Amino acid sequence: TYRTRSEFLTMSTCKRLLHFARHRNVWTHVRRSVTTWSPVGAAFNAKPARRGLFGVPELSCPAGFQVAAKSALRNTELLVGRACSCPPGVETVESFDQLSDGLCRVADLADFVKVAHPDPAFREAAEKTCIDIGTVVEKLNTNVELCKSLKNLLDDPDVVAQLDPDTRRVAELFMFDFEISGIHLDDKLRKEAVALHVKLLDLNNEFLVGSNMPNRIARSVIPEHLHLQFASEGSFIQVGGLHADSPDDLVREIAYRIYLHPNADLMNCLEELLKCRYKMAKLVGYESYGHRALKGTMAQTPGSSKVSNTSLQKNELMPWDHPYLSGVLRAERYNIEPSLYSPYLSLGACMDGLNILFSQLYGVSLMSEHPSTGEVWSEDVRKLAVVHETEGLLGYIYCDFFHRSDKPHQDCHFTIRGRRRCQDTGQYQLPVVVLMLSLPHPTKSAPTLLTPGMMENLFHEMGHAMHSMLGRTRYQHVTGTRCATDFAEVPSILMEYFATDYRVISQFARHYQTGQPLPESMVARLCESKKVCGAADTQLQIFYAVLDQIYHGKPQNRSTTEILEEMQQKFYGLPYTPNTAWQLRFSHLIGYGAKYYSYLMSRAVASMVWRQCFVQDPLNREMGERYRREMLAHGGAKEPMLMVEGMLQRRPTMEDFVDALVSELNPNFETFIMDSES
């Protein structure tokens, strides 16, 4: 039986020393003899290693978050002192980055644990840590002395001239963070900016929660035979979504009208949120919130991300019809029933496919590691080491892939620790990320089988992970996915092209029982099916992006619903439904405020990169190395458009972006020939 540390410490120091002295020779003999144990004997005699979450010793219990936070805050004080006292130069920026790294290593980890850990005690402790660290960050963003040390650096042309491009950009990004917090304002206005920021945090949270809350209606209003289609709450029917996949027209219409019914409190919240964002932007010197949000992105300004009005064809379809009918058309025209594909797409096969792809493109292997006791939050989490053939270990990916009732049902990527070059050793700090999916568990008779959509999402999220792994940034403030929003989705969307290319799929897609490869004609049909109603899907995304831009432009003397109705009339082919308020379900307004266009822009860039660089040979190592060198390696340390220009060897125009999106909709007639032959 092993003593715990607390039990061991109950022995007096003298007694322990005496005990050790008396038995030193015996102990030495025992230590020598253990080498004769067999692997089985050694396994049973070994004390199991216990570490905290992600290998952080303090996080073996919820209380450890407080310990980790206190340690980070103590280190923060030291680094603030160093940043304020050192002469302007590289050391100043390094101090800022170490300051950011120390806080992010606790905050990012806590941000993940508060939504993913199955233990409520861990979630609560992580939530409190997020608040504590957030409070400190807000104070740092309004620390005049700290800002002055950075300003002294950037205001000195001689010092700036000696900085390398990455250091200069990181210094400018830190200064941008100060400026949007109102650091340059006088005391009165700075206090106003801080108050606005605090108010915005509350409004953001209120809207985010409200936008996901169900609406309810009296059961008597709904036809009795439809009651079972919805959740019940006493004498009410509860509607928590659009039921877009229901084959019943009436169910879809009822869900649409009830779920999108205006909520007065939430409407006021959104109106106030938009007003505060505009006021905050004006206060710190921007024309609008959109101008503030787009600084440093590929779009640069709101004007460049807008689209012109187009004459749209009107029809008799209603908004609740499009998602269902487009799905029916895809299935009927191309026979893409997911159950036909899943047997070829076991989770193991797909992970092998990713391993083959990364090995071919980058010389990188995914190697399974057994986590220590306490290192992961659920027993079905897998740990992968990412190893380069010459550079060695690049980082770790924790794969939280399986469904749990207490975890978000949303596929996503979390950065736990960013890469940076450590000044004292010259070595790179290893990045750590989590990929979260919600896949079905394996059964007694079959492994986990993925639908084509699940497989594509897996490749998408792994694109984010490899962005973090393959970066070589000096500063963690700009590592991996910490880059402009309209560039961050490029690596993940590009992976979707690999996921649907037969030359890649043929490397791994095998029937889990027979070993037969997935037929090429099935892959071709799947690709073509995505183009069914593709123009309408793109049009809908444009409408959302335009609405987001208008909301975050100059204030208008009308309600958000009136704006929505006008924009829907101009930019979308389906009519506005009276007495609905879709904008109250537009939760992207929080995380992607004024940046919703990013999805379309990233897709356009990914399309250009695929067609110009990979479509001829998706497994080309030379092109993979170029892609890493020009786009993945820099994170946010380089202007996003310069990275795109480096990869494409030209600077794309706005027409190029539009053409890239339109070209996605062109049919591939070889698919029809292939189908007719088979």
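- Taking an unreviewed UniProt entry as the reference, the protein chain is identified by name as Mitochondrial intermediate peptidase belonging to Scophthalmus maximus.
- For the protein chain, the Catalytic activity (unreviewed entry) comment in UniProt is given as "Release of an N-terminal octapeptide as second stage of processing of some proteins imported into the mitochondrion."
- Here is the UniProt Sequence similarities (unreviewed entry) comment for the protein chain, exactly as written: "Belongs to the peptidase M3 family."

1. Here we look at the side chain of His511
Phase 1 of the analysis: Note that His511 resides in the loop between helix 21 (502–505) and helix 22 (520–529).
Phase 2 of the analysis: Separated by 3.4 Å, the side chain of His511 and the backbone nitrogen of Thr514 make a polar contact.
Phase 3 of the analysis: Those residues within four positions of His511 in sequence are excluded, and the remaining contacts are Pro343, Tyr344 and Gln516.

2. Points about the sheet that holds strand 2 (residues 231–233)
Phase 1 of the analysis: Sheet architecture is open: three strands sit in the order 1-3-2, paired in antiparallel fashion. If you trace the sheet from one side to the other, it starts and ends with strand 1 (215–218) and strand 2, each paired once. Between one strand axis and the next, the sheet turns by 35° as a mean value, whatever way the strands run.
Phase 2 of the analysis: Sheet analysis places strand 2 next to strand 3 (residues 236–239), joined by three bridges and oriented antiparallel. Residue Glu233 lies in a different strand from strand 3, and its bridge partner there is Phe236.

3. Some remarks on unusual backbone geometry
Phase 1 of the analysis: Phi at Phe54 is positive, roughly 55°, even though this residue is not glycine.
Phase 2 of the analysis: Using a relative accessible area of 11% as the deciding quantity, one classes Phe54 as buried.
Phase 3 of the analysis: Despite not being glycine, Asn579 has its phi angle at roughly 65°, a positive value.
Phase 4 of the analysis: Position of Asn579 among the secondary structure elements: in the loop between helix 24 (560–571) and helix 25 (588–591).

4. Structural notes on the environment of Asn204
Phase 1 of the analysis: For Asn204, the location among the structural elements is in helix 11 (residues 187–211).
Phase 2 of the analysis: With relative accessibility at 18%, the residue Asn204 sits in the buried group.
Phase 3 of the analysis: Sequence-wise, Asn204 and Ile590 are 386 residues apart; in three dimensions their C-alpha atoms are separated by 6.1 Å.
Phase 4 of the analysis: Among all residues touching Asn204, those that are not within four sequence positions of it are Leu273, Arg277 and Ile590.

5. Here's the deal with the environment of Met351
Phase 1 of the analysis: Turning to its location among the elements, Met351 is positioned in helix 17 (residues 347–362).
Phase 2 of the analysis: Judged by relative accessible area, which is 16%, Met351 ranks as buried.
Phase 3 of the analysis: Through-space distance from the C-alpha of Met351 to that of Met462 is 10.0 Å; in sequence the pair is 111 residues apart.
Phase 4 of the analysis: Apart from the residues within four sequence positions on either side, Met351 is in contact with Leu366, Leu384, Phe401, Leu458 and Met462.

6. Digging into the pairing of strand 5 (residues 382–388)
Phase 1 of the analysis: Most of strand 5 is tucked away: five of the seven residues are buried.
Phase 2 of the analysis: Sheet topology note: the strand 4 (residues 364–369)/strand 5 ladder contains six bridges and is antiparallel. Opposite Ser365, over in strand 5, you have Val387 as the bridge partner.
Phase 3 of the analysis: Direction of pairing for strand 5 relative to strand 6 (residues 392–402): antiparallel, over a ladder of seven bridges. In the strand pairing of strand 6, Leu384 is matched with Ile397.
Phase 4 of the analysis: Following strand 5, the chain reverses through three residues before pairing antiparallel with strand 6.

7. Things to note about the nonpolar core
Phase 1 of the analysis: If you look at the biggest cluster of nonpolar residues, it comprises 141 residues, and the most contacted ones within it are Phe358, Ile397, Phe401, Phe614 and Met631.
Phase 2 of the analysis: Excluding residues within four positions of it along the chain, Phe401 makes contact with Leu347, Met351, Lys407, Leu435, Leu437, Ser438, Leu439 and Leu458.
Phase 3 of the analysis: By size, the runner-up hydrophobic cluster in this structure holds 28 residues, among which are Val80, Phe96, Leu153 and Val170.

8. Details of the sheet that holds strand 5
Phase 1 of the analysis: If you trace the five strands from one edge of the open sheet to the other, you get 4-5-6-10-7, paired in mixed fashion. Sheet topology places strand 4 and strand 7 (412–417) at the edges, where each strand pairs with a single neighbour. Adjacent strand axes in the sheet meet at a mean angle of 30° when their direction is disregarded.
Phase 2 of the analysis: Sitting on the sheet, helix 6 (residues 90–116) touches strand 7 and strand 10 (432–439), and the angle it makes with strand 7 is about 145°.

9. A closer look at helix 11
Phase 1 of the analysis: Helix length check: helix 11, at 25 residues, gives a terminal C-alpha distance of 36 Å against a target of 36 Å (1.5 Å per residue), a fit within 8%.
Phase 2 of the analysis: Here helix 11 has its buried residues at Arg190, Ala193, Leu196, Leu200, Leu203, Asn204, Phe207, Gly210 and Ser211.
Phase 3 of the analysis: Buried residues along helix 11 sit against helix 8 (144–154), helix 12 (249–259), helix 13 (264–283) and helix 25.

10. So, the confidence of the model for the protein chain
Phase 1 of the analysis: Taken over all residues, the pLDDT of the protein chain has a mean of 89, while the share at 70 or more is 89%.
Phase 2 of the analysis: Counting interchain partners and residues more than four positions distant, the pLDDT-below-50 stretch residues 1–35 has ten contacts.
Phase 3 of the analysis: Below a pLDDT of 50 lies the segment residues 310–314, which in the model reaches ten contacts outside its immediate sequence neighbourhood of four places, other chains included.

11. Examining the packing of helix 8 against helix 10 (residues 165–180)
Phase 1 of the analysis: Put simply, helix 8 and helix 10 touch, their axes get as near as 10 Å, and they point 135° apart. Judged by the inter-axis angle, helix 8 sits oblique to helix 10. At the point where helix 8 passes helix 10, the crossing takes the left-handed sense. Contacts from Leu146, Cys147, Leu150, Lys151, Leu153 and Leu154 in helix 8 reach Ala171, Glu172, Phe174, Met175 and Phe178 in helix 10.
Phase 2 of the analysis: When the residues that make up the contact of helix 8 with helix 10 are grouped by side-chain class, the tally is nine nonpolar, no polar and two charged.

12. Topic: the pattern of salt bridges
Phase 1 of the analysis: For the coordinates displayed, the defined rule picks out 39 salt bridges.
Phase 2 of the analysis: Salt-bridge contacts for Asp108 lead to Arg482; the nearest nitrogen and oxygen are separated by 2.3 Å. Highlighted residues: Asp108 in helix 6 and Arg482 in the loop between helix 18 (452–469) and helix 19 (485–488), separated in sequence by 374 residues.
Phase 3 of the analysis: Across the salt bridge formed by Glu145 and Lys148, the nearest N and O atoms sit 3.6 Å from each other. Separated by three residues within a single helix, Glu145 and Lys148 lie in helix 8, roughly one turn from each other.

13. Description of the environment of Pro319
Phase 1 of the analysis: Summarising the element assignment, Pro319 is placed in the loop between helix 14 (289–293) and helix 15 (322–334).
Phase 2 of the analysis: By relative accessible area, Pro319 is classed as buried at 11%.
Phase 3 of the analysis: Along the primary structure Pro319 and Tyr576 are separated by 257 residues, whereas in three dimensions their C-alpha atoms are 7.8 Å apart.
Phase 4 of the analysis: For Pro319, the contacting residues outside a window of four places in its chain are Tyr256, Gln568, Leu574, Pro575 and Thr577.

Criteria and cut-off values
- Residues numbered from 1 in each chain as written.
- Predicted model: local features only at pLDDT ≥ 70, side-chain atom pairs only at ≥ 80, totals over all residues.
- Heavy atoms only, no water.
- UniProt positions renumbered as here; feature names shortened; annotations may be inferred.
- Helix = DSSP H or I, 4+ residues; strand = E, 2+ residues; numbered from the N terminus.
- Polar contact = N/O pair within 3.5 Å; in protein donor to acceptor, adjacent residues only side chain to side chain.
- Contact = heavy atoms within 4.5 Å.
- Pairing = 2+ DSSP bridges.
- Axes fitted to C-alpha atoms, helices over the stretch in contact; angles between N-to-C directions.
- Buried < 20%, exposed > 50% of the residue type's maximum accessible area, 1.4 Å probe, protein only.
- Core = buried A, V, L, I, M, F, W, Y, C linked by side-chain atoms within 4.5 Å.
- Expected span 1.5 Å × (residues − 1).
- pLDDT = per-residue confidence, 0-100.
- Parallel < 35°, antiparallel > 145°, perpendicular 65-115°, else oblique.
- Left-handed = near helix turned anticlockwise from the far one by under 90°.
- Nonpolar A, V, L, I, M, F, W, Y, C, P; charged D, E, K, R; others polar.
- Salt bridge = Lys/Arg side-chain N within 4 Å of Asp/Glu carboxyl O.

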